[in-house]
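Working through the structure, step by step
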Amino acid sequence: METTDAFEGLSCVDCEETFDAETATHRCPDCDGILDPSYDLDRIDLTPADLEGRPGESMWRYEELLPFTREAAVTLGEGDTPLAECPALAEAMGVGRVLLKDEGANPTGTFKDRGQSLAMTAAREHGASEVALNSAGNAGQAAAAYAARADLDAHVFLPSRAGFTQKAMTEVHGADLTVTDPVGGDSQIGDAGRAYAAAMDDHPDWYSTKTFVTPYRHEGKKTMALELLEQLDWEAPDAVVYPTGGGVGLVGMHKAAREARALGWCDDLVPMYAAQAAGCAPVVDAYEAGADRHEPLADGEVDTACNGIAIPDPGASPLILEAIRESDGGAVATTDREILDAAITVAREEGLEIGATCAAAASGAFALAESGEFGPDDTVVLLNTGAGNKDVDTLRAHVGESEA
């Protein structure tokens with residue numbers, strides 16, 4: 001495997017055993033816990049000054065803090081996304097500065113590209129020929145694109161409630177798409193997960209790129225925090241409000257902030273705030289209850305149109321809650337109407353297009369500001385995890401309802 005100098009292997013977040021990355025490919029061989037790439041930070045010969053002279057290009061400009069080399073990467077140029085000033089939102093929230101990190105600028109229009117770039121690189125390094133995952137939508141489309149780039153066959157399992165764009169582009173990229181049948185209504189992410197699990201039992205040779213099954217999805221997404229910190233001259237913002245379903249990006253960003261602080265690149269952690277839809281808010285409920293793990297919701301209890309964060313049973317909730325608390329962040333839930341209203345506000349006040357699901361970050365930030373969580377001099381970053389055109393029907397319908 002073409003690994004970087006500082007990459008040591010994979011550590012289990014539960015039993016803390018360490019494994020060689022060539023032989024341990026997914027969950028912990030001992031306890032089935034989540035594996036996390038680990039590094040000898042003393043071996044990283046890279047400084048912020050070095051990065052200034054390095055072209056942006058993609059997230060692979062941070063290869064020293066990734067497991068695999070840039071030469072080995074399966075890449076479509078993901079990363080290097082803009083950080084846009086939002087003065088109208090800052091005035092409305094009563095804070096010093098609002099910035100929007102726009103992950104909709106990635107190749108397939110979402111931050112999922114970062115995770116799939118690294119996961120597909122690992123799959124190819126491990127000699128896989130077929131990959132598989134279930135997804136709420138965007139990760140399936142991204143997996144199909146990156147599998148095509150890597151010359152791998154992809155098997156994608158989506159719920160019927162996934163968006164038309166995600167279903168269509170998954171097939172356009174040549175993946176084998178299974179849309180799970182609805183049972184008493186639209187099928188949910190859990191239905192897609194069960195179909196995926198059954199297929200994996202029948203095809204043990206398929207290589208999973210599923211969230212927190214592969215150790216590499218959150219690792220790719222940690223580059224969002226590295227970019228953000230670099231764009232802010234290595235000064236941590238006062239808050240990053242993150243639309244949270246499975247929480248992969250939030251966990252990855254927190255890890256990157258910890259590594260950047262350990263390397264002496266910045267002084268503080270990035271306060272992470274999880275934003276969820278009120279109709280599916282297991283992380284927020286756990287945070288407010290002071291719990292270390294969420295209580296799963298049944299599929300029938302999910303009541304939100306925000307498909308991307310309609311995750312009733314986020315398996316990595318302990319990592320999400322740890323990241324929120326360690327970074328001195330928080331958690332907030334807002335209604336679907338508030339979320340969609342916020343998407344329209346951002347589009348009309350700032351000219352920026354954000355996904356319907358992603359607007360939970362904006363509505364959450366408004367709610368946090370109103371509650372007094374943010375001060376008048378604070379810098380608040382909204383993480384837009386996907387392009388507005390992913391949810392064009394939902395957004396346009398909401399405009400029609402609001403103006404009727």
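Residues numbered from 1 in each chain as written. Predicted model: local features only at pLDDT ≥ 70, side-chain atom pairs only at ≥ 80, totals over all residues. Heavy atoms only, no water.

What follows deals with the overall build of the chain. Across its full length, the chain carries 14 helices and 13 strands. Its C-alpha atoms give the chain a radius of gyration of 20 Å, near enough to 22 Å, the size a compact globule of 404 residues would have. Oriented by its inertia axes, the alpha-carbon framework of the chain measures out at about 55 × 55 × 40 Å. Considering the chain as a whole, with its 404 residues, one finds that 60% of them fall into the buried category. Partitioning the intrachain contacts of the chain with sequence separation of at least 6 by distance along the chain shows that 72% fall at a separation of at least 24. Accessible surface, the chain as shown: approximately 15,700 Å² in total, 42% of it carbon and sulfur. In the chain, which carries 27 positive and 73 negative side-chain charges, the distance between the mean positions of the two groups comes to 2 Å. (Helix = DSSP H or I, 4+ residues; strand = E, 2+ residues; numbered from the N terminus. Rg over C-alpha atoms; globule rule 2.2 N^0.38 Å. Buried < 20%, exposed > 50% of the residue type's maximum accessible area, 1.4 Å probe, protein only. Contact = heavy atoms within 4.5 Å. Areas by Shrake-Rupley, 256 points an atom, 1.4 Å probe, with all protein chains shown as cover. Lys, Arg positive; Asp, Glu negative; His and termini not counted. Charge placed at Lys NZ, Arg CZ, Asp CG, Glu CD.)

Strand order in the open sheet formed by 6 strands is β4-β5-β13-β10-β11-β12, with mixed pairing between adjacent strands. The sheet terminates laterally at β4 (83–85) and β12 (330–334), the two strands that pair on one side only. Here the strands of the sheet are splayed against their neighbours by 25° on average, with no regard to which way each runs. One ladder, built from 4 bridges, connects strand β10 (residues 239–243) with strand β11 (residues 272–277); its direction is parallel. In the strand pairing of β11, V241 is matched with Y273. (Pairing = 2+ DSSP bridges. Axes fitted to C-alpha atoms, helices over the stretch in contact; angles between N-to-C directions.)

This part covers the sheet that holds strand β7 (residues 153–158). Read from one edge of the open sheet, 4 strands run β8-β7-β6-β9, paired in parallel fashion. Either end of the sheet is taken by a strand with one partner, and the two such strands are β8 (176–179) and β9 (207–208). One ladder, built from 4 bridges, connects β7 with β8; its direction is parallel. Pairing of H155 across the sheet is with D176, part of β8.

Attention now goes to the pairing of strand β1 (residues 7–12). Successive residues of a regular strand alternate their side chains across the two faces of the sheet. Taken across its 6 residues, β1 has 5 buried, putting it largely inside the fold. Pairing analysis gives 5 bridges linking β1 to strand β3 (residues 35–39), with the strands arranged antiparallel. Each bridged residue has a counterpart across the sheet, and for S11 the counterpart in β3 is D36. Linking β1 to strand β2 (residues 18–19), which pair antiparallel, is a turn of 5 residues; within it E16 sits at a positive phi near 70°.

Our next topic: the packing of aromatic side chains. By convention here, two paired aromatic rings are described through the distance between centres and the angle between planes. Taken as a whole and judged by the stated rule, the model has 7 aromatic pairs. When the centroid spacing of 5.3 Å and the interplanar angle of 70° are considered together, the rings of W234 and W265 count as edge-to-face. Here W234, found in the loop between α8 (223–231) and β10, pairs with W265, found in the loop between α9 (248–262) and β11; they are 31 residues apart in sequence, far enough to count as distant. Assessed through its relative accessible area of 11%, W234 is described here as buried. (Phe/Tyr/Trp six-rings, centres within 6.5 Å; stacked < 30°, edge-to-face > 60°.)

On to the domain arrangement of the chain, then. Split by domain assignment, the chain resolves into domain 1 (83–110 + 216–403) and domain 2 (129–205). A C-alpha centroid distance of 25 Å is found between domain 1 and domain 2. Counting from both sides, the interface comprises 16 residues of domain 1 and, opposite them, 18 residues of domain 2. Together, the buried faces of domain 1 and domain 2 total about 1,100 Å²; carbon and sulfur atoms form 46% of this surface. Here domain 1 and domain 2 share 0 salt bridges between them. In this assembly, domain 1 and domain 2 are joined by 4 residue pairs in polar contact (both at pLDDT 80 or more). Classifying every residue of the side of domain 1 that touches domain 2 by side-chain character gives 7 nonpolar, 6 polar and 3 charged. (Domains from an automatic or database assignment. Buried area = accessible area lost by both parts, 1.4 Å probe. Salt bridge = Lys/Arg side-chain N within 4 Å of Asp/Glu carboxyl O. Polar contact = N/O pair within 3.5 Å; in protein donor to acceptor, adjacent residues only side chain to side chain. Nonpolar A, V, L, I, M, F, W, Y, C, P; charged D, E, K, R; others polar.)

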